[in-house]
Amino acid sequence: MRFNEKELVCLSRQPSEMAAELGMRGPKKGDVVKRRLVKLVVNFLFYFRTDEEEPIGALLLEQCHVEREDSQTFSIAFLDEAERKYLFECDSEEQCKEWMDSIIKASYEFMRKNLIFYRTEIHRLTGKDPLEQYGISDETRFQVNSGSQLMNRDTSSL
Amino acid sequence: MKLHEKILTRFLSCTSPVDKEGYLYKKKERNATYYRRWFVLKANLLFYQERPADRHLLGVIVLEGCTVQMLDSDGFFPFALQFGSGLKTYRFAAGDAQTQGRWVKALFLASHSYLSSLLRVLGRQYEEAKQQQDSTNSSSSFKSLSPPTNSLLVPTLAPFSLVREGRSFSASAALPPPSMPTKMAAKKSPKKWPRRNAHVTPLNGPAPLYGEWPLVGSDPLVEFSKLHDFYGQEVQKAREEWLRSRQTEKEQSEKDLIDLG
């Protein structure tokens, strides 16, 4: 599958609040813990060899389950592969909590749900739709029932 | 760099919202030919394949750090995703103007950074609205409420519009805030301000298109003074225009003898 690799690498070089050297272990049997520079940018988790500029890989943080493994370790598992976990060893309990929190909150879908909550609440409290002033109140992207595929299917024929 | 594809393909087929899908033509740079592809836009990812029923995905475009440009052409409805100097420009074409407009808007609103900015703004509005409600509910003898402390910080995104620039249109709305320099190492400092999501701006990308309002970064105090200056200028301009229009009105009214009483 093709993807915009160069652009993604460029994205990985953006400044990020969440960037640290952690112990990282892959999901396969036999994978060992390796020191990696782990960096959270938008909803991607990039990981680098500590002295390299280009990341080794990128994990999309959607449909994933973040779990505490022990006081300083957390794991990320992806949909329907609950046993295949990526493990991350932190230097402290606080760092571990911070990472878990940030990863969960970085998910696009998590943020979308929050937006819909705020929109609904603001409308309830003030009587006004906060998205109107930005000309995006009709966008299905920010609707409560935005899961409807029929609404978003473009029926124009090419 | 390895992009864990399975995670993406799983995300595509899961029940999270499809933000837009449909046929578009995509230009292949190699032979400058447009091929019809089925596109699925989900969150900040644009997937494409030959047909909707296909299991085989041709590719995905991560929509961060790009600008959307609606291009002008007769009988042809092109638009582009531009990632900036040294980086790709993806070219597309729609079958008609309406489809073109809808896709341009959808792609513009798709980025994580856009959602992040919007969330920040709405979060503040929500807190204000709650505070206001709490003060109205409490049994206080004061009837008037003091204005929300950061009301001027609320409009940080411009309304979406398509701006014509020469022969091409650009989406005009505030883009993600400029990236703040941060250390690479993890910080354990106490957070004075609410945590912000990672900012995204292409390092070598084009200058961001700013809408009518300047973007507020995450430090309200710093940005407040900028906003103050900005609004000051806007008010000045508006005043001058109004005075000018009053002048012409005056001149005209002296000629007309319409009784407006």
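This is a predicted model, so every value here is computed, not measured. Sequence order sets the numbering: in each chain, residues are counted from 1 along the sequence as written. Naming scheme: in the order in which they are written, chains are lettered from A and ligands are numbered from 1. Residues qualify for local features only when their pLDDT is at least 70, as the model is predicted, and side-chain atom pairs are given and counted only at 80 or more; totals for whole chains, interfaces and linings, by contrast, use all residues. Only hydrogens and water are set aside when side-chain values are computed; all heavy atoms of the structure are taken into account.

1. Notes on the overall build of chain A
Consideration 1: Helix and strand definitions here come from DSSP, where helices need a minimum of 4 consecutive H or I residues and strands a minimum of 2 consecutive E residues; each element is numbered from the N-terminal end. Helices and strands together make up the secondary structure of chain A, namely four helices and eight strands.
Consideration 2: Reading chain A from its N end, one meets helices and strands in the order β-α-β-β-β-β-β-β-β-α-α-α.
Consideration 3: Computed over C-alpha atoms, the radius of gyration of chain A comes to 19 Å, more than 25% over the 15 Å expected from 2.2 N^0.38 for 158 residues, which places it beyond the range of a compact globule.
Consideration 4: With respect to the three principal axes, the spread of C-alpha positions in chain A is 50 × 45 × 30 Å.
Consideration 5: Looking at chain A as a whole, 54% of its 158 residues qualify as buried.
Consideration 6: Whether two residues are in contact is decided by their heavy atoms, any of which lying within 4.5 Å being enough. Taking as baseline every contact in chain A between residues at least 6 positions apart, the subset at least 24 positions apart corresponds to 41%. Just to be clear, the radius of gyration here is over C-alpha atoms, and the globule rule we use is 2.2 Å times residues to the power 0.38. Only protein chains enter the area calculation, which uses a 1.4 Å probe; residues under 20% of their type maximum are buried, those over 50% are exposed, and those in between are partly exposed.

2. As for the UniProt feature "domain: PH" (unreviewed entry) in chain B
Consideration 1: UniProt positions are given in the numbering used here, feature names are shortened, and annotations may be inferred rather than shown by experiment. Per the UniProt record, "domain: PH" (unreviewed entry) is found at residues 17–112 of chain B.
Consideration 2: With 14% helix and 47% strand, the stretch residues 17–112 of chain B has end C-alpha atoms that lie 15 Å from each other.

3. Quick word on the interface of chain B and chain A
Consideration 1: Residue-level contacts link 91 residues of chain B with 81 residues of chain A.
Consideration 2: In this assembly, chain B packs against chain A so that about 7,700 Å² is buried in total across both faces, 60% of it on carbon and sulfur atoms.
Consideration 3: By convention in these notes, a salt bridge is any Lys or Arg side-chain nitrogen within 4 Å of a carboxyl oxygen on Asp or Glu. Joining chain B to chain A, the criterion identifies three salt bridges.
Consideration 4: Asp19(B) is the salt-bridge partner of Arg141(A), the closest N and O atoms lying 3.4 Å from each other.
Consideration 5: It is helix α3 (residues 112–137) of chain B that provides the largest number of residues to the side of chain B that touches chain A, a total of 14 residues.
Consideration 6: Only Asp, Glu, Lys and Arg are considered charged, only Ala, Val, Leu, Ile, Met, Phe, Trp, Tyr, Cys and Pro nonpolar, and every remaining residue, Gly among them, polar. Considered class by class, the residues forming the side of chain B that touches chain A number 51 nonpolar, 21 polar and 19 charged.
Consideration 7: Strands are labelled as partners when DSSP assigns at least two bridges between them. Bridge count between strand β5 (residues 57–60) of chain A and strand β1 (residues 2–3) of chain B: two bridges; the pairing is parallel. Bridge assignment links Ala58(A) to a residue of β1(B), and that residue is Leu3(B). When two parts are put together, the accessible area they lose, computed with a 1.4 Å probe and summed over both, is reported as buried area.

4. Observations concerning the pattern of salt bridges
Consideration 1: Throughout the structure, instances matching the rule amount to 14 salt bridges over all chains.
Consideration 2: For Asp54(B), the salt bridge goes to Arg51(B), with nearest N and O atoms at 3.5 Å.
Consideration 3: A single network of salt bridges, built from pairs that share partners, joins Glu109(A), Arg112(A), Arg141(A) and Asp19(B).

5. What about the packing of helix α2 (residues 93–106) of chain A against helix α3 (residues 108–126) of chain A?
Residue and element names in this part refer to chain A.
Consideration 1: Lines fitted to C-alpha atoms define the axes here, with helix axes fitted over just the stretch in contact, and angles between the N-to-C directions of these axes take values from 0 to 180 degrees. Between α2 and α3, the shortest axis-to-axis distance is 5 Å and the interhelical angle comes to 70°. Judged on the interaxial angle alone, α3 and α2 are roughly perpendicular. Residues Ile104, Lys105 and Ala106 of α2 pack against Tyr108, Phe110 and Met111 of α3.
Consideration 2: Residues that form the contact of α2 with α3 fall into these classes: five nonpolar, no polar and one charged. Here the word oblique covers every angle except those under 35 degrees (roughly parallel), over 145 (roughly antiparallel) and from 65 to 115 (roughly perpendicular).

6. Looking at the nonpolar core
Consideration 1: Among buried residues, those of type Ala, Val, Leu, Ile, Met, Phe, Trp, Tyr and Cys that are joined through side-chain atoms within 4.5 Å constitute a nonpolar core. Phe44(A), Leu45(A), Phe74(A), Phe88(A), Trp99(A), Leu46(B) and Leu81(B) are the most contacted members of the largest nonpolar core, which totals 97 residues.
Consideration 2: Among the elements that make up this core, the one with the highest residue count is α3(B) (eight residues).
Consideration 3: Sequence-distant contacts of Leu45(A), defined by excluding residues within four places in its chain, comprise Val38(A), Lys39(A), Leu40(A), Gly57(A), Ala58(A), Leu59(A), Leu61(A), Ile76(A), Phe88(A), Trp99(A) and Ile103(A).

7. Points about unusual backbone geometry
Residue and element names in this part refer to chain B.
Consideration 1: The backbone phi angle of Ala32 is positive, close to 50°, even though this residue is not glycine.
Consideration 2: Here Ala32 is to be found in the loop between β2 (20–28) and β3 (33–42).
Consideration 3: Its relative accessible area of 51% is what places Ala32 among the exposed residues.
Consideration 4: Non-glycine residue Ala43 carries a positive phi angle of around 55°.
Consideration 5: Note on placement: Ala43 falls in the loop between β3 and β4 (45–49).

8. Quick word on the sheet that holds strand β4 (residues 44–48) of chain A
Consideration 1: With respect to topology, eight strands assemble into an open sheet ordered β6(A)-β7(A)-β8(A)-β2(A)-β3(A)-β4(A)-β5(A)-β1(B), the strand pairing being mixed. Single-partner strands in this sheet number two, and they are β6 (64–70) of chain A together with β1 of chain B.
Consideration 2: Sheet topology places strand β2 (residues 19–25) of chain A next to strand β8 (residues 85–89) of chain A; three bridges connect them, and they run antiparallel. Note that in β8(A) the partner of Gly23(A) across the bridge is Glu89(A).
Consideration 3: Of the strands in this sheet, β3 (34–41) and β4 of chain A together with β1 of chain B touch helix α1 (residues 5–12) of chain A, which is tilted by about 85° from β4(A).

9. Some remarks on the layout of surface pockets
One simple way to see leftover space: roll a probe sized like a water molecule over the atoms.
Consideration 1: The definitions used throughout rest on a 1 Å grid laid over the protein atoms alone, on which a cavity is an enclosed set of points accommodating a 1.4 Å probe that cannot get out and a pocket is an open set flanked by protein within 12 Å on both sides along at least five of seven lines; lining residues are those having an atom within 4 Å of a point. Grid points are joined across faces, edges and corners, and a volume is the space filled by probe spheres set on the points. Quantified by volume, the second largest pocket comes out at close to 500 Å³.
Consideration 2: As for the second largest pocket, its lining consists of 21 residues, and the residues nearest its centre are Gly26(A), Pro27(A), Tyr47(A), Tyr86(A) and His4(B).
Consideration 3: Mapped onto the lining of the second largest pocket, the elements with two or more residues apiece are β2 and β3 of chain A together with α1 (5–13) of chain B.
Consideration 4: Tallying contributions element by element places α1(B) first for the lining of the second largest pocket, with four residues.
Consideration 5: Taken together, the residues of the lining of the second largest pocket sort by class into eight nonpolar, two polar and eleven charged.

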